[in-house]
Amino acid sequence: MTAKVYGARIVSILDEVKTKSNGKQYLTATVEFTDGPLVGKTYFAQRTLGENKASIAVGQNVRAILEIVERDGVKRPFFEISTSIVDDAASLMALLGA
């Protein structure tokens with residue numbers, strides 16, 4: 001399954017560093033989507049922290065990677081912030097017709 005990736009702009013970042021169940025730390029941000037079916041909508045996204053991860057800032061353009069999670073029979077969107085400036089493989093394959 002190919003991940004859905006949407007352009008977004010960071011609107012705000014919470015100061016509290018939280019810890020995932022796998023032990024990695026992350027920040028929660030609010031993003032406004034800049035493309036796709038969610039354009040103009042705001043929602044939460046998280047940025048996993050680590051020594052090889054670039055920092056994030058309010059106003060920064062990022063990519064929001066969608067994952068659908070299901071808890072107690074209810075599906076919810078979950079977004080991870082990527083600061084990568086490269087295109088994703090699925091987009092390149094589509095342009096190549098492969």
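Residues numbered from 1 in each chain as written. Predicted model: local features only at pLDDT ≥ 70, side-chain atom pairs only at ≥ 80, totals over all residues. Heavy atoms only, no water.

## Some details on the overall build of the protein
Across its full length, the protein carries one helix and six strands. Going from the N terminus to the C terminus, the protein shows its helices and strands as β-β-β-β-β-β-α. If you line up the protein on its principal axes, its C-alpha atoms span 45 × 35 × 30 Å. Relative to its 98 residues, the protein shows a buried fraction of 22%. Long-range contacts, defined here as pairs at least 24 residues apart, represent 45% of the contacts in the protein between residues at least 6 apart. When the accessible surface of the protein is split by element, carbon and sulfur atoms take 53% of a total near 6,900 Å². Between the centroid of the 12 positive side chains of the protein and the centroid of its 11 negative side chains there is a distance of 2 Å. (Helix = DSSP H or I, 4+ residues; strand = E, 2+ residues; numbered from the N terminus. Buried < 20%, exposed > 50% of the residue type's maximum accessible area, 1.4 Å probe, protein only. Contact = heavy atoms within 4.5 Å. Areas by Shrake-Rupley, 256 points an atom, 1.4 Å probe, with all protein chains shown as cover. Lys, Arg positive; Asp, Glu negative; His and termini not counted. Charge placed at Lys NZ, Arg CZ, Asp CG, Glu CD.)

## Side note on the pattern of salt bridges
For the structure shown, the criterion picks out two salt bridges. Across the salt bridge formed by Arg 9 and Glu 32, the nearest N and O atoms sit 2.7 Å from each other. Linking Arg 9 in strand β1 (residues 4-13) with Glu 32 in strand β3 (residues 25-33), this pair joins segments that are 23 residues apart in sequence. As a salt-bridge pair, Lys 20 and Glu 80 come within 3.9 Å of each other at their nearest N and O atoms. You can see Lys 20 sitting in the loop between β2 (18-19) and β3 and its partner Glu 80 sitting in strand β6 (residues 74-82), a full 60 residues away along the chain. The class for Glu 80 is buried, based on a relative accessible area of 15%. (Salt bridge = Lys/Arg side-chain N within 4 Å of Asp/Glu carboxyl O.)

## Some details on the nonpolar core
Listed in full, the twelve residues of the largest apolar core are Tyr 6, Ala 8, Ile 10, Ala 29, Val 31, Phe 33, Ala 45, Ile 56, Val 62, Ala 64, Phe 79 and Ile 81. Look past the residues within four positions of Ile 81 in its chain and what remains in contact with it is Ile 10, Ala 29, Val 31, Ala 45, Gln 46, Arg 47, Ile 56, Val 62 and Arg 63. (Core = buried A, V, L, I, M, F, W, Y, C linked by side-chain atoms within 4.5 Å.)

## Notes on unusual backbone geometry
Even without being a glycine, Asp 72 presents a positive backbone phi close to 55°. Here Asp 72 is to be found in the loop between β5 (61-71) and β6.

## A look at the environment of Ala 94
Along the chain, the position of Ala 94 falls in helix α1 (residues 89-96). Classification of Ala 94 as exposed rests on a relative accessible area of 58%. Residues Ala 94 and Phe 44, 50 residues apart in the sequence, show an inter-C-alpha distance of 28 Å.

## Some words on α1
The element α1 is barely covered by neighbouring structure, given that only zero of its eight residues are classed as buried. One or two positions beyond α1, positive phi appears at Gly 97, with a value near 75°.

## Some points on the environment of Lys 18
Looking at where Lys 18 falls in the secondary structure, it is placed in strand β2. Taking the C-alpha atoms as reference points, Lys 18 and Gln 46, separated by 28 residues in sequence, lie 9.8 Å from one another. Excluding residues within four positions of it along the chain, Lys 18 makes contact with Lys 24, Gln 25, Tyr 26 and Thr 28.

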